[in-house]
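Close look at the chain arrangement
Here's the letter readout for the chains.
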Amino acid sequence: MTATRADGASALLPDPGRARTLDELTAALRSLKLWAGSPSYERITNQVNHAWRAAGRPAGEWTKRPTVVDCFKPGRRRLNADLVTAIVRALHPDEGYVHQWRQALRVLGGEAQAATVVRVQDRLPPDLAGFTGRASELDQLRHTLGHHRDTTGAMAVAAIEGMAGVGKTQLAVHAGHLLIRESRFDRTLFVNLRGFFPDPARPPADPAAVLDGFLRLLGVPAHQIPHDLSARTAAYRDRLTGTRTLIVLDNAADVDQVRPLLPEVPDCLALITSRRILSDLRPATRLVVDVFTEDEAVDYLARVVGRIPRGDDPDAAARITRRCGHLPLALDLTAGHMRATPGWTLTDHADRLDERHLQRRLETGVELALDLSYHHLPTDQRRLLRLLALHPGQDSDAYAAAALTGTGLDTTRKHLDHLCRDHLLQQSASGRYTLHDLVRAFAVTRAHDEVRPADRREALTRLFDHYLATAATAMNALHPAQAHLRPHVPPTGTPAPDLANPDSALAWLDIERPTLVTVAAHTAGHGWPSHTTRLSRILYRYFAGGHGSDAVTVHQHAHHAARHTGDVTEQAHALTDLGVAYLWVARYESAVEHLTTALHLFGQTGHGFGQARTHTNLGVAEQRLGHYRRAAAHFAQARTAHLRAGDQTGQARALSNLGDVEQRLGHYRRAARHLRQALALYRRSGDHAGEAVSLANLAEVDTRSGRYGAAAENLDRALVLFRQAGHRNGEAWALDGLGTLHRHLGQATEAARHHRQALTILQTTGVPPTPSPPRSAPGTSGPVPRPGSPAPTAPSTGTIGPATTTGRP
């Protein structure tokens, strides 16, 4: 990119996208500084702070000259992406160029993957018992929303802004519960956007990932969720139209993060909390929440601690609240300590806070309250708090906590309940536990100061073993026939949920999916590569159920981990998994690139099954790109490899794919020959699902060739088999094929009846009907089977079916 410098000369701007390491990126930043005329670091610092001040960032978050200088130094293990982006904008305020830097920072920092992991909910967290204060803010919110609805017919945005720990989330949740009780809304969406998460490895949530979760909660099937952000926003607003939905966007980072998540339809409200000013959103109301007044703080303290004798000092309660900075979070933490020390007076507690402040020279009420609460905890509960803060996920359950500590489930639950009562831990309505980001930052520091590195690693290893073993148990319950094809993971000895039932297994996987993706990322980058590769293999089939973006993230980390181990075969498998994941998200060129590399590595090791599997998936990728002759070549090689290995199912799948490509090329005799061979192999092995697939594809060839009687016979038989197997999508494909056949026969009424039946099924299952692709266009996309479990390959004219790929179990 060429741009004009401040001195009027034209010069080539450094390209951040070419950087492969943080050192290369800092070198590019130094080059940009030179390009901009080598302004002083003082000047850059002033420009950054001026921009942040204009954006409403509080003075406490402004940068200093030494911090700016550090961004230009080599040897950095981590960069502050927010600051570097601001520096780039100060040096060259072109938003397109700034975006290039932002993307480069996210890729090198691993944030692009981490940002896609987010948990969304269809309910509010529990309301705070005894909520007090904030009456004026609640009245303002009600009045403004009611006025806005009366005058415009729509409810758009309400922003609650304020410093950390001031009670923004509690106010938003309480307001939400009030609005629901007043029957203003009948549906809720809630998400923690992680705008200010203390762990740099957990960046603010990607709005595209949030929309993916919201759309699923709103009833959109996974295969109908668009990949593009703007398309997801449009689908989201379309789903919200005609509903009365409250959307709570908690802990927002900035305007750009929340803008795609706004409903912008009548009768829906986005209630946002943030530490930053969001004036650019033009909200219907903005509530700037400050700390309590002294009277409010004293009243709040009295409500949460109950009757405690005053003691000698009549000003004791006010002294306690002043030492807490009138901050709600600090008051909650202090109240937990006060309730746990019966016999103390308010004067005793005030004196103790004064002593702690003098001894530790703590600067804020939160630090003081946290320090006091922490030291009052029993040893086992302090240990649990420290270890919970090391958990890489956003939240966890009691089983994960038990794994971290190596204790029994009942004991762990008692400790968790105690931490919740002391306001050091928060429990959601679904029974999961999370830490306020200020509490997490405090506990992480304690963990690093008070727990030996070996003990921290041992605790995390128990945690990762727990997730690995429980995920394996869940997948074995869901897909027992392929258990022998997944890594064997023995029981860990720590408590685990009962997942013997497939429904409970699937529910656990759905709930823990964000955590499992985060664990895969963490283990890959922090010295547990075997956990990453095994977890990716265990979850492969689960991700095929509509979680393509998560599959890409996990298999990218698995590839990284496999490279770390130096195992070439494992690298090839990881690349193949990643290539198939790219197929699921319609990134066909990326799929071809990774699968080609995998094929080369399998060739080096002489891994026959790996080569066959990769040829099949390369064939599917080329088919979807419209490269049918290349696809046919790959399918033929896959067939040969499976033949050498004596794998009849693999041969049948390759022949079925080959037949599909040949009929797209107009080679109907070859197509029929391949499909009949596949049919014979499926029947010989007793694979009725594969038999149904081959019959449906063979019927397509018969229809195209004018053999209408044979086509009808094959479709009738396929329909019976699909129905016997309970395969609703296959049933729809067969019915659609019958509709196409009747159209060819000039029987419009019968054709319409079959097409309507197919459409009804597809609308129920969530697979969208797609027209037949022309022979020069890519094939259609769909679910992907594993070895021994072929996916239906639909007839290609007037039907909906995917090509058949192979992958892990």
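Residues numbered from 1 in each chain as written. Predicted model: local features only at pLDDT ≥ 70, side-chain atom pairs only at ≥ 80, totals over all residues. Heavy atoms only, no water.

1. Notes on the overall build of the chain
In terms of helices and strands, the chain carries 34 helices and 10 strands. Residue burial in the chain is summarised as follows: out of 809 residues, 56% are buried. Of the contacts made within the chain by residues no fewer than 6 positions apart, 68% connect residues no fewer than 24 positions apart. Surface exposure of the chain reaches about 33,500 Å², of which carbon and sulfur atoms provide 50%. (Helix = DSSP H or I, 4+ residues; strand = E, 2+ residues; numbered from the N terminus. Buried < 20%, exposed > 50% of the residue type's maximum accessible area, 1.4 Å probe, protein only. Contact = heavy atoms within 4.5 Å. Areas by Shrake-Rupley, 256 points an atom, 1.4 Å probe, with all protein chains shown as cover.)

2. Comments concerning the packing of aromatic side chains
Applying the stated criterion across every chain yields a total of 8 aromatic pairs. Ring geometry for Phe214 versus Tyr236: centroids 5.9 Å apart, planes at 20 degrees, classification stacked. Taken together, the positions of Phe214 in helix H9 (residues 207–217) and Tyr236 in helix H10 (residues 229–240) put the pair 22 residues apart, joining distant regions of the chain. There is no split in this pair, since Phe214 and Tyr236 are both buried. Between the NZ or CZ atom of Lys33 and the centre of the ring of Tyr41, over which it lies, the distance is 4.6 Å. The ring of Trp528 has Arg457 lying over it, and the distance from NZ or CZ to the ring centre is 4.0 Å. (Phe/Tyr/Trp six-rings, centres within 6.5 Å; stacked < 30°, edge-to-face > 60°. Lys NZ or Arg CZ within 6 Å of the ring centre and 35° of its normal.)

3. Points about unusual backbone geometry
The phi dihedral of Ser183 falls on the positive side, at around 65 degrees, and the residue is not glycine. Looking at the element boundaries, Ser183 is found in the loop between helix H8 (168–181) and strand S5 (187–192). In this structure, His326 takes a positive phi of about 55 degrees despite not being glycine. Tracing the sequence through the fold places His326 in the loop between helix H13 (316–323) and helix H14 (328–339).

4. Thoughts on the environment of Asp212
Mapped onto the elements, Asp212 comes out in helix H9. With 92 residues separating them along the chain, Asp212 and Val120 place their C-alpha atoms 9.4 Å apart. Apart from the residues lying within four places of it in its own chain, the contact partners of Asp212 are Ile225 and Arg232.

5. Concerning the sheet that holds strand S3 (residues 120–121)
Read across the open sheet, the 6 strands follow the order S3-S5-S6-S7-S4-S8; overall the sheet is mixed. The sheet is open, and its two borders are formed by S3 and strand S8 (285–288), each paired with just one other strand. Pairing geometry for strand S6 (residues 245–252) and strand S7 (residues 269–274), over 5 bridges, is parallel. What sits directly across from Ala252, in S7, is Ser274. (Pairing = 2+ DSSP bridges.)

6. Description of the packing of helix H23 (residues 529–543) against helix H24 (residues 548–565)
Remark: H23 packs on H24, axes separated minimally by 8 Å, with the N-to-C direction vectors making an angle of 150 degrees. What the angle tells us is that H23 and H24 run roughly antiparallel. Between H23 and H24 lies a crossing whose hand is left-handed. Between H23, through Pro529, Thr532, Thr533, Ser536, Tyr540 and Phe543, and H24, the contact on the second element is made entirely by Gly548, Asp550, Ala551, Val554, His555, His557, Ala558, Ala561, Ala562, His564 and Thr565. Of the residues assigned to the contact of H23 with H24, the class counts are 8 nonpolar, 8 polar and 1 charged. (Axes fitted to C-alpha atoms, helices over the stretch in contact; angles between N-to-C directions. Parallel < 35°, antiparallel > 145°, perpendicular 65-115°, else oblique. Left-handed = near helix turned anticlockwise from the far one by under 90°. Nonpolar A, V, L, I, M, F, W, Y, C, P; charged D, E, K, R; others polar.)

7. Looking at the pattern of salt bridges
Pairing between side chains of opposite charge can happen when the charged atoms of each approach one another. Taken as a whole and judged by the stated rule, the model has 37 salt bridges. A salt bridge links Arg319 to Asp351, with the shortest nitrogen-to-oxygen separation between them at 3.0 Å. Of this pair, Arg319 sits in helix H13 while Asp351 sits in helix H15 (residues 346–360), and the two are 32 residues apart along the sequence. The class for Arg319 is buried, based on a relative accessible area of 18%. (Salt bridge = Lys/Arg side-chain N within 4 Å of Asp/Glu carboxyl O.)

8. Remarks on the nonpolar core
Formed by 126 residues in total, the largest nonpolar core has its most connected members in Leu271 and Leu385. The dominant element in this core, judged by the number of residues it contributes, is helix H21 (residues 453–478), at 12 residues. By size, the runner-up hydrophobic cluster in this structure holds 30 residues, among which are Val120, Val220, Leu249 and Val255. (Core = buried A, V, L, I, M, F, W, Y, C linked by side-chain atoms within 4.5 Å.)

9. Considerations on the pairing of S6
Among the 8 residues in S6, 8 count as buried, and that is most of the element. When S5 meets S6, the two strands line up parallel, connected through 6 bridges. Following the sheet pairing, Arg187 is matched in S6 by Thr245.

10. Topic: the packing of helix H31 (residues 688–705) against helix H32 (residues 708–724)
Two elements in contact, H31 and H32, have axes separated by 8 Å at closest approach and are oriented at 155 degrees. With respect to H32, the axis of H31 lies roughly antiparallel. Seen from above, H31 lies across H32 with left-handed handedness. Across the interface between the two elements, His688, Glu691, Ala692, Val693, Leu695, Ala696, Leu698, Ala699, Asp702 and Thr703 of H31 pack against Tyr708, Ala710, Ala711, Asn714, Leu715, Arg717, Ala718, Leu721 and Phe722 of H32.

11. Remarks on helix H2 (residues 41–54)
When the terminal C-alpha atoms of H2 are compared, their 20 Å separation across 14 residues agrees well with the 20 Å that a helix rising 1.5 Å per residue should span. Here H2 has its buried residues at Ile44, Thr45, Val48, Asn49 and Trp52. Relative to the axis of H2, the buried residues are bounded by an arc of 125 degrees and lie together on one face. In H2, those exposed residues whose orientation departs by more than 90 degrees from the buried face are Arg43, His50 and Ala54. (Expected span 1.5 Å × (residues − 1). Arc of directions from axis to C-beta.)

12. What to know about the environment of Gly579
Along the chain, the position of Gly579 falls in helix H25 (residues 568–584). Note on Gly579: relative accessible area 0%, which makes it buried.

13. Some words on the environment of Thr411
Its place among the elements puts Thr411 in helix H19 (residues 409–421). Taking the C-alpha atoms as reference points, Thr411 and Ala398, separated by 13 residues in sequence, lie 10.0 Å from one another.

14. Considerations on the confidence of the model for the chain
Mean pLDDT over the chain: 83, with 87% of residues reaching 70 or higher. Model confidence for the chain, summarised as mean pLDDT per element, is weakest for strand S1 (residues 2–4) at 50 and strongest for helix H18 (residues 398–405) at 97. Below pLDDT 50 for its whole length, residues 4–10 participates in 8 contacts with residues either more than four positions away or in separate chains. Counted against residues more than four places away or in other chains, residues 768–803, with its pLDDT under 50, gives 138 contacts. (pLDDT = per-residue confidence, 0-100.)

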